[in-house]
Amino acid sequence: MMSPDAWRKSSFSGGGQGDACVEVAPRHSRIAIRDSKNPARGILSVPAAAFAVFVDELKKSQGRPV
């Protein structure tokens, strides 16, 4: 399990406890992803390069600068 300070949550996590989102953490050449509502349930790990492309595409779809 990763230390709590390694996880980052989006500023778009919603109101209240801010648990309507996913959290991400860098892990060597990969990015770990977990559900903020249930962090103990499991972690998905993807290559950092693939995650960067994913985030860039999300930003483009929202009309935000990449």
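Since the model is a prediction, treat every value here as computed from it, not as a measurement.

A count of helical and extended segments in the protein gives 1 helix and 4 strands. Of the regular secondary structure in the protein, the N- to C-terminal order runs β-β-β-β-α. Across the 66 residues of the protein, 20% fall into the buried class. Only carbon and sulfur atoms are counted for the fraction: they give 57% of the accessible area of the protein, which is about 4900 Å².

So, on to the pairing of strand E2 (residues 22-27). Where strand E1 (residues 8-9) lies against E2, 2 bridges are found, and the strand directions are antiparallel. By the bridge assignment, Lys9 is partnered in E2 with Glu23. Relative to strand E3 (residues 30-35), E2 runs antiparallel, the two being bridged by 6 bridges. Residue pairing for E3: Arg27 is matched across the bridge by Arg30.

How each quantity is defined
Per chain, residues are indexed from 1 in the order of the written sequence. In keeping with the predicted nature of the model, local features appear solely for residues at pLDDT of at least 70, side-chain atom pairs appear and are counted solely at 80 or more, and the whole-chain, interface and lining totals rest on all residues. Computation of side-chain values: all heavy atoms of the structure, hydrogens and water removed. Helix and strand definitions follow DSSP, with helices as H or I runs of at least four residues and strands as E runs of at least two, each counted in order from the N terminus. Buried residues are those whose accessible area, probed at 1.4 Å on protein chains only, stays under 20% of the maximum for their type, while exposed residues exceed 50% and partly exposed ones sit between those limits. Note that accessible areas follow from Shrake-Rupley with a 1.4 Å probe, and for residues the cover is restricted to the protein chains shown. Two strands qualify as a pair provided that DSSP identifies no fewer than 2 bridges between them.

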